[in-house]
Amino acid sequence: MAESDYLDYTCPLCTDSQRDPVTIPCGDTFCLECIKIYWDHSDHLGVYSCPQCQTTFTPRPILRRNVPHVGNPEPRPPPHEITPFPYFKRDALCDFCTGRRNKAVKSCLMCLAYYCETHIKPHYESATFKRHKLVDETGHLDRKICPQHEKGLELFCRSDQMCICVLCTVREHRSHNIVSADDERTEKQKVLVATQTEVQHIFQDRVKELQELRHNVDVLKGNAQRAQTDSDKIFSEMLQAVERWHAEISQLIQANLQASMAQAQGYVERLEQEIMELQKRDAELRQILDTEDNIHFLQNFPTLSVAPEPMVPKVLINPEFSFSEITKTVSDMKAHLDDICKKELGNISKRVSDTSVYILIPRSGGRLNDGDRRVTRKRTTQFYPDHPERFDGFCQILCKEPLGGIRHYWEAEWQGEFSIGIAYKSIIRKGKNSNSLLGYNDKSWSLLCSDSGYSAWHNKMDKDLPGAARVSRIGVYLDYAGGSVSFYSVSETMELIHKFKAKFSEALYAGFGVGSTVTLCMLEKNYRTYH
């Protein structure tokens, strides 16, 4: 078969041999199914064009299969000689100016061309162009042309999540879920509006947090200044013998103030940077939501539809970080002079340095699940949301489930100093005092374990237990009905360390004070039996 014969029987839409060929009124021939699918996407316009020569028809021509003919037909020009659909330039200059081209003020999504103020007039004045869509964006028409078919992108393939032209529906995206760009924008705009709302809420929250942080910094500076003033007044009444301690106190205050201010400045700068980023994102969202260019909207949607995660955790001033304790210490030093100064200055220095100035509030957090049996104490700050049942003064925990029934036994392995015992649910959880420390009140009983030995504690009363051998596993046996709780050292043998007698009035919970690591041991059924 000659090349001209081959070209005559090739469909320009699917570029394959024609199947059920039909010739439309302009004389071009296509597969029956290909031209039918192509024109189906023009039903909403009511104007049908030839994919080959761009001749338009109204109403839609009736398609009839071609009658076989004898002889070779007039050869059609090869594909490289057919004038392709014009490829538009990236610069925003009018495509219809001759000589010096004027700046484009509009672009037509139907013509895929740029127009200056003069050449755009026919689009406003002639009924021929009434169905054409004009937009202000004039810098990226080349992105609205199908790179494969050089046709305008008018549709959206939901199956592949991409913009396509009508020719793409014939072959590459046949049988896919295809909708118009308008319909897809309507759906995706809802998501983008919700994203913008979320960005605005985050922006407002961060601005409020920045204001609060700056206020807290001022409060911190005021507290430091008052502490410094009180300290100066007290030290001025002391003898010259304690002046060296005065200097150390002043140095301690200034060092902690400078450290806290430096840390605060870092949070302020990071918050300001995040707010600037949120303002930029909001501006981008506002611009894309106002655009009339659906293709530009859809192509930028993936990068703008997800709200950014907050980069800086929320920061509050730690209420435990206070300079008032320094003032109190200095007052005591005035009364007790040199001996008290040596002892208390060391204590206050450690307390201040161990207490963080800021509490970082996480954006999200989790809790231990039922499968967690190991607790490790970390020296670094752990980010957990506030909870009424969390101890905030001591590193200790209670089990989630109460110890119901009559008798219970459990074992725990430990490293570093730790305490193990039982407590009522009503034990105080907040504050750093005896009311919330396991064994130091009338709501809890505990065994304190350390390298030096054991001691039993209840209601601030302690009893040293020097005779028991130190082991890494402790067993606890609770007889609720009998009113007793016993502690055992567990190794190859078991030895009773101490037994409390009590009349329990509330549900009890197993409790642990963590010095380094505590692991609740798994016990096999009938592993141990007690009477």
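Structure: above.
Residues numbered from 1 in each chain as written. Predicted model: local features only at pLDDT ≥ 70, side-chain atom pairs only at ≥ 80, totals over all residues. Heavy atoms only, no water.

*Asks:* Would you mind showing me how to read the overall build of the chain here?
*Replies:* On a plain count of helices and strands, the chain comes out with seven helices and 24 strands. Sequence-distant contacts, at least 24 apart, represent 62% of the contacts inside the chain between residues at least 6 apart. With the model as given, the accessible surface of the chain reaches about 30,600 Å², and the carbon-plus-sulfur share is 50%. (Helix = DSSP H or I, 4+ residues; strand = E, 2+ residues; numbered from the N terminus. Contact = heavy atoms within 4.5 Å. Areas by Shrake-Rupley, 256 points an atom, 1.4 Å probe, with all protein chains shown as cover.)

*Asks:* Would you take a moment to explain the sheet that holds strand 22 (residues 494-501) for this structure?
*Replies:* Backbone hydrogen bonds are what pair the strands of a sheet, in a parallel or an antiparallel way. Within the open sheet, the six strands sit side by side as 13-24-15-20-21-22. Their pairing is antiparallel. Both outer strands of the open sheet, strand 13 (374-376) and strand 22, are each paired with one neighbouring strand and no more. Neighbour-to-neighbour, the strand axes of the sheet open up by a mean angle of 20°, direction not taken into account. Both strand 21 (residues 484-490) and strand 22 contribute to a ladder of seven bridges, which runs antiparallel. Bridge assignment links Val490 to a residue of strand 22, and that residue is Met494. (Pairing = 2+ DSSP bridges. Axes fitted to C-alpha atoms, helices over the stretch in contact; angles between N-to-C directions.)

*Asks:* What is the right way to look at the pairing of strand 16 (residues 418-424) in this model?
*Replies:* Remark: a regular strand shows side chains that alternate across the two faces of the sheet. In terms of residue burial, strand 16 counts as a mostly covered element, since seven of its seven residues are buried. Neither face of strand 16 is open: one carries Phe418, Ile420, Ile422 and Tyr424, the other Ser419, Gly421 and Ala423, and all of them are buried. Bridge count for strand 16 against strand 17 (residues 444-450) is six bridges, and the pairing is antiparallel. By the bridge assignment for strand 17, Ile422 is matched with Trp445. Pairing between strand 16 and strand 23 (residues 508-513): six bridges, direction antiparallel. Bridging from a neighbouring strand, Gly421 pairs with Gly511 of strand 23. (Buried < 20%, exposed > 50% of the residue type's maximum accessible area, 1.4 Å probe, protein only.)

*Asks:* How should the side chain of Ser436 be read in this particular structure?
*Replies:* Relative to the elements of secondary structure, Ser436 occurs in the loop between strand 16 and strand 17. Of the polar contacts made by the side chain of Ser436, one reaches the backbone oxygen of Gly431; its length is 2.9 Å. In this structure, Ser436 is in contact with Phe391, Phe394, Gln396, Ile427, Ile428, Arg429, Lys430, Gly431 and Asn441, ignoring residues within four places of it in sequence. (Polar contact = N/O pair within 3.5 Å; in protein donor to acceptor, adjacent residues only side chain to side chain.)

*Asks:* Is there a simple way to think about the packing of aromatic side chains in this case?
*Replies:* A full pass over the atoms with the stated rule returns nine aromatic pairs. With a centroid separation of 4.2 Å and 15° between ring planes, the pair formed by Tyr440 and Trp457 is classed as stacked. Residue Tyr440 is found in the loop between strand 16 and strand 17, and its partner Trp457 is found in strand 18 (residues 453-458); the two are separated by 17 residues along the sequence. Residue Tyr440 is classed as partly exposed on the basis of its relative accessible area, which comes to 23%. (Phe/Tyr/Trp six-rings, centres within 6.5 Å; stacked < 30°, edge-to-face > 60°.)

*Asks:* Teacher, can you tell me more about the sheet that holds strand 7 (residues 134-135) here?
*Replies:* Sheet architecture is open: three strands sit in the order 6-5-7, paired in antiparallel fashion. The strands lining the two open edges of the sheet, one partner per strand, are strand 6 (113-115) and strand 7. Bridge count for strand 5 (residues 106-108) against strand 7 is two bridges, and the pairing is antiparallel. Bridging from a neighbouring strand, Cys108 pairs with Leu134 of strand 7.

*Asks:* Quick question: what am I supposed to make of the nonpolar core here?
*Replies:* One broad trend across soluble globular proteins is that nonpolar side chains are buried collectively. In this structure, Leu13, Ile35 and Leu192 are the most contacted members of the largest nonpolar core, which totals 42 residues. For this core, the elements supplying multiple residues, two or more each, are strand 2 (29-31), helix 2 (32-40), strand 8 (155-157), strand 9 (162-164), helix 4 (181-236), helix 5 (243-290) and helix 6 (294-304). Sequence-distant contacts of Leu13, defined by excluding residues within four places in its chain, comprise Phe30, Cys34, Ile35, Tyr38, Pro51, Leu167 and Val170. (Core = buried A, V, L, I, M, F, W, Y, C linked by side-chain atoms within 4.5 Å.)

*Asks:* Just checking my understanding: could you explain the packing of helix 4 against helix 6 for this structure?
*Replies:* Helix packing for two helices is described by the angle between their axes and how far apart those axes are. Look at helix 4 against helix 6: their axes get within 10 Å of each other, and the N-to-C directions meet at 40°. In this structure, helix 4 meets helix 6 at a crossing whose hand is left-handed. Contacts between helix 4 and helix 6 involve Ala181, Asp182, Glu184, Arg185, Lys188, Gln189, Val191, Leu192 and Thr195 from the first element and Asn294, Ile295, Phe297, Leu298, Phe301 and Leu304 from the second. Among the residues making up the contact of helix 4 with helix 6, the classes are represented as eight nonpolar, three polar and four charged. (Left-handed = near helix turned anticlockwise from the far one by under 90°. Nonpolar A, V, L, I, M, F, W, Y, C, P; charged D, E, K, R; others polar.)

*Asks:* Help me out: how do you make sense of the pairing of strand 21 in this one?
*Replies:* In terms of burial, strand 21 is a largely internal element, seven of the seven residues being buried. With burial as the criterion, each face of strand 21 is covered, one bearing Ser484, Ser486, Tyr488 and Val490 and the other bearing Val485, Phe487 and Ser489. Count of turn residues in the strand 20 (residues 473-479)/strand 21 antiparallel hairpin: four residues, of which Gly483 carries a positive phi of about 70°. Between strand 21 and the antiparallel strand that follows it, strand 22, lie three residues.

*Asks:* Just to check I follow, could you spell out unusual backbone geometry for this structure?
*Replies:* Backbone geometry follows two general trends: most residues other than glycine have a negative phi, and most peptide bonds adopt the trans configuration. The peptide bond linking Thr58 to Pro59 adopts the cis configuration, its omega dihedral lying at 0°. Of note, the phi angle at Gln161 is positive, near 55°, even though the residue is not glycine. Tracing the backbone through its elements, the reader meets Gln161 in the loop between strand 8 and strand 9. Even without being glycine, Asn459 reaches a positive phi, approximately 55°. Tracing the sequence through the fold places Asn459 in the loop between strand 18 and strand 19 (461-465). Residue class for Asn459 comes out partly exposed when judged on its relative accessible area of 40%.

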